[in-house]
Amino acid sequence: MATEITTLDPAIEARIAELVNQKVNEALQSQFATLTAERILQQPEKKAGPKRLAIVASKGTLDMAYPPLILATSASALGWEVGIFFTFYGLDIINRRKVAHLKVPSLANPAMPVPVPNIIGVIPGMTAIATAMMHSWFDRAQIPSIQYLLDVAKEGGVQLFACTTTMGVMRVKDEDIIDGAQFAGAAAFLDYASEATVSLFV
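Residues numbered from 1 in each chain as written. Predicted model: local features only at pLDDT ≥ 70, side-chain atom pairs only at ≥ 80, totals over all residues. Heavy atoms only, no water.

Chemist: Could you give an account of the side chain of Asp-92, naming the residues involved and the relevant values?
Modeler: Mapped onto the fold, Asp-92 is located in the loop between strand S2 (81–86) and helix H3 (118–121). For Asp-92, a relative accessible area of 17% puts it in the buried group. (Helix = DSSP H or I, 4+ residues; strand = E, 2+ residues; numbered from the N terminus. Buried < 20%, exposed > 50% of the residue type's maximum accessible area, 1.4 Å probe, protein only.)

Rendered as structure tokens:
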């Protein structure tokens, strides 16, 4: 005896397919919403408060003293917490005996507005000439001095960290460091930088 196959009305089949798709979509949306909620709960809460900028200043030439101080004072004016770690030659920027005498080398510095060939850069006195030229460029552009930027930084609450390791290596005494700076080792600054929103090495 042959089995008869019952054929549903096309309209009914279409309605059944629509209901099945609807149920599948509802189940998928519910599962997606659950997974999204779990991910949100697993994410660490963001700390409230101002952003923090941590800068490492490692160079002590006149041209390289400006970037960390300009960035620091700008961030401070925006309400950020800011700390600068002065290490190795960067320590000269907060050395009261050297900060007013920072120089810019004429040798191997092709990015200067007036490039100096190395053969000329080695001539005695060229560093003094290059430094004087840079001071004149800054004056013409009305760029404040390093000392002024340091004063603005301190007034704005920027923390100035003198690297104690560098001080030991270069035999820099505590009294050589400008007023308002504090002394810190690498571990102490890393702890500060670990919560920074932005970290920069100059």
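Now, onward.
Chemist: Break down the packing of helix H2 (residues 62–77) against helix H5 (residues 146–155) for me, citing the residues and quoting the values.
Modeler: Following both chains from N to C, one finds H2 and H5 inclined at 25°, their axes separated by 10 Å at the closest point. Here H5 runs roughly parallel to H2, going by the angle between their axes. Relative to H5, H2 is oriented so that their crossing is left-handed. From H2, Leu-62, Ala-65, Tyr-66, Leu-69, Ile-70 and Thr-73 reach across to H5, where they touch Ile-146, Leu-149, Leu-150, Val-152 and Ala-153. When grouped by side-chain class, the residues that make up the contact of H2 with H5 number 10 nonpolar, 1 polar and no charged. (Axes fitted to C-alpha atoms, helices over the stretch in contact; angles between N-to-C directions. Parallel < 35°, antiparallel > 145°, perpendicular 65-115°, else oblique. Left-handed = near helix turned anticlockwise from the far one by under 90°. Contact = heavy atoms within 4.5 Å. Nonpolar A, V, L, I, M, F, W, Y, C, P; charged D, E, K, R; others polar.)

Chemist: Tell me about the sheet that holds strand S4 (residues 182–184), and please be specific about residues and values.
Modeler: The strand order S4-S3-S2-S1-S5 describes an open sheet built from 5 strands, whose pairing is parallel. Strand pairing shows two members of the sheet lacking a second neighbour, S4 and strand S5 (198–201), which therefore form its edges. Across the sheet, the axes of successive neighbouring strands diverge by a mean angle of 25°, strand direction being ignored. Bridging between strand S3 (residues 159–163) and S4 involves 3 bridges; their strand directions are parallel. In the strand pairing of S4, Cys-163 is matched with Ala-184. (Pairing = 2+ DSSP bridges.)

Chemist: Could you give me a rundown of the environment of Phe-161, with the residues and numbers involved?
Modeler: By the secondary structure assignment, Phe-161 is in strand S3. For the pair Phe-161 and Ile-55, spaced 106 residues apart in sequence, the C-alpha to C-alpha distance is 10.0 Å. Excluding anything up to four places from it in sequence, Phe-161 contacts Gly-83, Ile-84, Phe-85, Phe-86, Ile-94, Gln-182, Ala-184, Phe-189 and Tyr-192.

Chemist: Report on unusual backbone geometry, specifying residues and quantitative values.
Modeler: Unlike most non-glycine residues, Gln-142 shows phi in positive territory, near 60°. By secondary structure assignment, the location of Gln-142 is in the loop between helix H4 (126–140) and H5. Of note in this structure, Arg-171 is not a glycine but carries a positive phi near 55°. Here Arg-171 lies in the loop between helix H6 (164–169) and S4. Residue class for Arg-171 comes out exposed when judged on its relative accessible area of 77%.

Chemist: Please provide a residue-by-residue account of the pattern of salt bridges, values included.
Modeler: Going through the model one piece at a time under the given rule, you end up with 4 salt bridges. The salt bridge partner of Arg-52 is Glu-81, with a shortest N-O separation of 2.9 Å. Taken together, the residues span a long stretch of sequence, with Arg-52 in strand S1 (residues 52–57) and Glu-81 in strand S2 at a distance of 29 residues. As a salt-bridge pair, Asp-176 and Arg-97 come within 2.4 Å of each other at their nearest N and O atoms. Taken together, the residues Asp-176 in the loop between H6 and S4 and Arg-97 in the loop between S2 and H3 connect sequence positions 79 residues apart. (Salt bridge = Lys/Arg side-chain N within 4 Å of Asp/Glu carboxyl O.)

Chemist: Can you break down the pairing of S2 residue by residue, with the values?
Modeler: For S2, a buried count of 5 out of 6 residues is recorded, marking the element as mostly surrounded by other parts of the structure. Pairing of S1 with S2 involves 6 bridges; the strand directions are parallel. Along S2, the bridge assignment pairs Ala-54 with Gly-83. Between S1 and its parallel partner S2, the chain crosses via H2, and the hand of that crossover is right-handed. Across 4 bridges, S2 lies against S3 in parallel orientation. By the bridge assignment for S3, Phe-86 is matched with Ala-162. (Right-handed = clockwise from strand over helix to strand, strands pointing away.)

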